[in-house]
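# Fold and contact review
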Amino acid sequence: MTTSPPPARPAGPGVDIVLPCLDEAGALPWVLARVPAGWRALVVDNGSTDGSAEVARALGATVVREERRGFGAACHAGLLAATADVVCFCDCDASLDPRLLVPFVEEVRAGGADLVLGRRRPRGRGSWPAHARAGNLALSLLLRRRTGLALRDLGPLRAARREPLLTLGLTDRRSGYPLEMVVRAADAGWRVTEHDVPYLPRSGASKVTGTWRGTWHAVRDMSRVLRETPPAERP
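Owing to the predicted nature of the structure, the values given are computational and were not obtained by experimental measurement.

### A short note on the packing of aromatic side chains
- The tally for this structure, following the rule as stated, stands at zero aromatic pairs.
- A cation sits over an aromatic face here: Arg-120 above Tyr-199, 5.1 Å from the ring centre.

See below:
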């Protein structure tokens with residue numbers, strides 16, 4: 001939380017940033033203060049009991065309610081609520097600075113990539129537990145075998161155009177959603193790029209990677225996605 005964010009650069013209008021949220025009232029001021037000017041913040045309240053929705057509204061964010069629990073459910077509700085040409089995704093726990101997405105958006109708009117991902121680089125003790133990194137590495141290797149994409153992370157920081165995202169037909173509503181997006185994008189022939197981003201210690205307790213149990217559930221969900229998403233047919 002003490003790391004200085006990079007200087008903001010204007011990215012232009014027409015960007016919605018989806019922020020899935022479950023009990024992140026303490027982190028929201030930090031996160032929303034770093035949403036680039038002209039972007040619309042869509043805070044998707046996934047059943048918070050700590051007043052997160054009220055905090056988000058008071059800070060000028062658009063609040064979307066998603067009663068069905070699950071990271072994918074929250075992300076997809078935000079995607080459906082988005083109206084901008086480009087949609088970004090970012091965790092709402094202050095582990096990732098939304099301003100890091102500005103060059104991602106520029107790359108998408110310039111036609112350099114269809115989907116841009118952030119490769120998390122831990123900054124600070126406890127920002128990314130060893131068991132979570134191990135699970136992410138295993139999934140990255142499985143992804144490479146399945147799609148040929150040599151990605152090193154399946155992190156939540158990403159940007160793409162809204163309409164093509166909707167055509168991917170994403171169905172996972174749990175932890176497999178980020179991986180399903182990449183797999184279906186690869187099957188559709190999208191250009192996928194990855195760039196290093198600093199990953200800070202999150203605010204509050206992690207719902208997924210902070211425990212062995214949470215990591216196991218995430219790996220299980222993502223492994224199911226790899227099994228259930230059929231490879232693209234090739235001539």
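### Some words on unusual backbone geometry
- For Asp-23, which is not a glycine, the phi torsion comes out positive at approximately 60°.
- Mapped onto the fold, Asp-23 is located in the loop between strand E1 (15–21) and helix H1 (28–32).
- Even without glycine at this site, Ala-94 takes up a positive phi of about 70°.
- Tracing the sequence through the fold places Ala-94 in the loop between strand E4 (86–89) and helix H4 (102–110).

### Observations concerning the confidence of the model for the protein
- Overall, the predicted model of the protein reaches an average pLDDT of 86, with 79% of residues at or above 70.
- Taken as a whole, residues 1–12 scores under 50 in pLDDT and shows 21 contacts with residues more than four places along the chain or in a different chain.

### Quick word on the pairing of strand E2 (residues 40–45)
- Burial runs high along E2: five of the six residues are buried.
- With six bridges joining them, E1 and E2 adopt parallel strand pairing. The partner of Leu-19 across the bridge, within E2, is Val-43.
- Considered for its hand, the β-α-β crossover made up of E2, helix H2 (residues 52–58) and strand E3 (residues 62–65) is right-handed.

### Remarks on the pattern of salt bridges
- Per the counting criterion, the structure on display carries 13 salt bridges.
- Residue Arg-120 pairs with Asp-153 through a salt bridge whose shortest N-O separation is 2.8 Å. Pair noted here: Arg-120 is in strand E5 (residues 115–122) and Asp-153 is in the loop between helix H5 (130–147) and strand E6 (158–161), with a separation of 33 residues, a long-range link. Each member of the pair, Arg-120 as well as Asp-153, is classed as buried.

### What to know about the sheet that holds E2
- The sheet built from seven strands is open, its strands ordered E3-E2-E1-E4-E6-E5-E7 with mixed pairing. Unpaired on one side and paired on the other, E3 and strand E7 (192–199) mark the two borders of the sheet. Sheet twist, expressed as the average angle between the axes of neighbouring strands with direction ignored, equals 20°.
- Both E5 and E6 contribute to a ladder of three bridges, which runs antiparallel. Of the residues in E6, the one forming a bridge with Leu-115 is Ala-160.
- In the packing of H4 onto the sheet, contacts are made with E1, E4, E5, E6 and E7, and the angle to E6 comes to roughly 25°.
- Seen against the sheet, helix H7 (residues 177–187) touches E4, E5 and E6 and runs at an angle of roughly 135° to E5.

### Looking at the nonpolar core
- Counting residues in each nonpolar core, the largest one holds 36 residues, and the members touching the most others are Ile-17, Leu-19, Leu-32 and Trp-39.
- When residues of this core are traced back to their parent elements, those giving at least two are E1, H1, E2, H2, E4, H4 and E7.
- Ranked by size, the runner-up nonpolar core spans 30 residues in total, among them Met-181, Val-182, Ala-185 and Val-192.

### Quick look at the environment of Gly-14
- On the secondary structure map, Gly-14 appears in the segment before E1.
- Judged by relative accessible area, Gly-14 falls into the partly exposed class, the value being 29%.
- Residues Gly-14 and Val-86, 72 residues apart in the sequence, show an inter-C-alpha distance of 6.4 Å.
- Here Gly-14 is in contact with Ala-84, Asp-85, Val-86 and Arg-109, once residues within four sequence places are set aside.

### Overview of the state of the cysteines
- In total, this model carries zero disulfides according to the counting rule given.
- In this structure Cys-88 is a free cysteine whose sulfur lies 8.9 Å from that of Cys-90, the closest cysteine sulfur available.
- The exposure class of Cys-88 is buried, given its relative accessible area of 0%.
- You can see Cys-90 has no disulfide; the closest cysteine sulfur is in Cys-92, sitting 7.7 Å from it.

### Description of the side chain of Glu-194
- As for its position among the elements, Glu-194 is in strand E7.
- Within the structure, Glu-194 has its side chain in polar contact with the backbone nitrogen of Arg-152 (distance 3.0 Å).
- Among the polar contacts listed, one links the side chain of Glu-194 to the backbone nitrogen of Asp-153, at a separation of 3.0 Å.
- Setting aside anything within four residues of it in sequence, one finds Glu-194 in contact with Leu-117, Arg-119, Ala-150, Leu-151, Arg-152 and Asp-153.

The rules we used
- Residues numbered from 1 in each chain as written.
- Predicted model: local features only at pLDDT ≥ 70, side-chain atom pairs only at ≥ 80, totals over all residues.
- Heavy atoms only, no water.
- Phe/Tyr/Trp six-rings, centres within 6.5 Å; stacked < 30°, edge-to-face > 60°.
- Lys NZ or Arg CZ within 6 Å of the ring centre and 35° of its normal.
- Helix = DSSP H or I, 4+ residues; strand = E, 2+ residues; numbered from the N terminus.
- pLDDT = per-residue confidence, 0-100.
- Contact = heavy atoms within 4.5 Å.
- Buried < 20%, exposed > 50% of the residue type's maximum accessible area, 1.4 Å probe, protein only.
- Pairing = 2+ DSSP bridges.
- Right-handed = clockwise from strand over helix to strand, strands pointing away.
- Salt bridge = Lys/Arg side-chain N within 4 Å of Asp/Glu carboxyl O.
- Axes fitted to C-alpha atoms, helices over the stretch in contact; angles between N-to-C directions.
- Core = buried A, V, L, I, M, F, W, Y, C linked by side-chain atoms within 4.5 Å.
- Disulfide = S-S within 2.5 Å.
- Polar contact = N/O pair within 3.5 Å; in protein donor to acceptor, adjacent residues only side chain to side chain.

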